[in-house]
Amino acid sequence: MRFHIISVISIFTFPTFATPATSKPALWQLQYPICPGPPGVYIVAPSAGKGLGVFAAHDLEIGDIVMRETPVIKIVPPKVAKGRPYPMSIVSKLVREEFEALSPDAQEEVLSLTYHASSAEKTNTDALGIIFRTNAYNTGDKVGLFPKIARINHACRPNTSYYWSEKLNKRIVYATRKIKAGEEFFVSYISLLLTQEERQKQLDRYGFTCHCEACTQEREAQQASDNRRTIIKKAFANFEPQLILEPPRSSKAKEQARKNAKASVQLAELVQEEGLADYYAKAYRIAAISHARVEDWQPAAIWANRGYELRYMEDPQSPNTLELYQLTSTFISNWESELRSRFST
Ligand SMILES: [Zn+2]
């Protein structure tokens, strides 16, 4: 699950730029001289209906880094009850203090970001605070603004994901599927385990209607996609309390564990079918543990290893990665013991 919080995400409607008529810009259009970015990885250019977007300058493989960016502004958010928005007067004050210390170029970059505000907010709230609210991301226990990453548009079946590295003090965006030169990069600003209608409700507060490929499917395909996302969300919640390594004791618990192992494979397939790359590692971990509980070590080891590979790509040092490394090692050694005992009898 992402680290997004209620009021802190990005939108990028950039009405001051004319948008091209086609949804995919031609290669010559990618030479648009706005922000060249690090050589060879990405180009910022107009994106149909979205103002600006970030496009691949060459083909990328799964796991390739799109951007690494240090926050230009990082604040400790005021304490609020869960689900409540931050008081904007306090946020604005904290952001303004940080902003004043930036170089003129950095200030200009921050002010060039787009934002979404109600008409009341426009008259009585510091625009800088609203720019921050619209574009910033949860960053460890702080909230940070990353002006380059903020240019990446949203999609409900995105082709990139990101994580925060406390050690590097950077947010890192990487490809979660193969991306061709000229394709636009997308991330998700919201939880994706929601129906199209629920997703749009979440996105309303960022001031745009989502026209991504997942949101503009034919009615029947849309319904199927909604069903898959609803089932995946429920399955994740149902599996959660059952993800313990201790083997089941009673015959009833054993029977349930066998059913779970089967269902865990269906879940992994469903997440793949819906193309939700952000959730692959989570589903693979469930499949790994579910097979370990019935001591079916070969699939347990294979699923754990698949999850580990994805987590490693995301962040080699994260607790999730280390856990899957441990699980993979344990399951492989159990699988080896099983093979040894089978061949020695
Ligand atoms: Zn969408």
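Note that the coordinates shown come from a computational prediction; the quantities given were computed from them, not determined experimentally.

## Points about the confidence of the model for the protein chain
- On average, residues of the protein chain score 86 in pLDDT, and 88% of them are at 70 or above.
- Every residue in residues 1–33 is under pLDDT 50, and counting partners more than four places away or in other chains gives 106 contacts.

## Details of helix H9 (residues 297–314)
- Between its terminal C-alpha atoms H9 stretches 25 Å, which fits the 26 Å expected from 18 residues at 1.5 Å a residue.
- Listing the buried residues of H9 in full gives Trp297, Pro299, Ala300, Ala301, Trp303, Ala304, Gly307, Tyr308, Arg311 and Glu314.
- Turning to H9, the residues buried within the fold contact strand S8 (160–165), strand S9 (170–175), helix H7 (251–273), helix H8 (280–293) and helix H10 (319–344).

## A short note on the sheet that holds strand S4 (residues 73–75)
- Overall, antiparallel pairing links the 3 strands, which are arranged S4-S6-S5 in an open sheet. Where the open sheet ends on each side, the last strands, each with one partner, are S4 and strand S5 (137–139). Pairs of neighbouring strands in the sheet enclose a mean axial angle of 35 degrees, with direction left out of account.
- Note: S4 against strand S6 (residues 142–145), 3 bridges, orientation antiparallel. Residue Lys74 lies in a different strand from S6, and its bridge partner there is Gly144.

About the criteria used
Residues numbered from 1 in each chain as written. Predicted model: local features only at pLDDT ≥ 70, side-chain atom pairs only at ≥ 80, totals over all residues. Heavy atoms only, no water. pLDDT = per-residue confidence, 0-100. Contact = heavy atoms within 4.5 Å. Helix = DSSP H or I, 4+ residues; strand = E, 2+ residues; numbered from the N terminus. Expected span 1.5 Å × (residues − 1). Buried < 20%, exposed > 50% of the residue type's maximum accessible area, 1.4 Å probe, protein only. Pairing = 2+ DSSP bridges. Axes fitted to C-alpha atoms, helices over the stretch in contact; angles between N-to-C directions.

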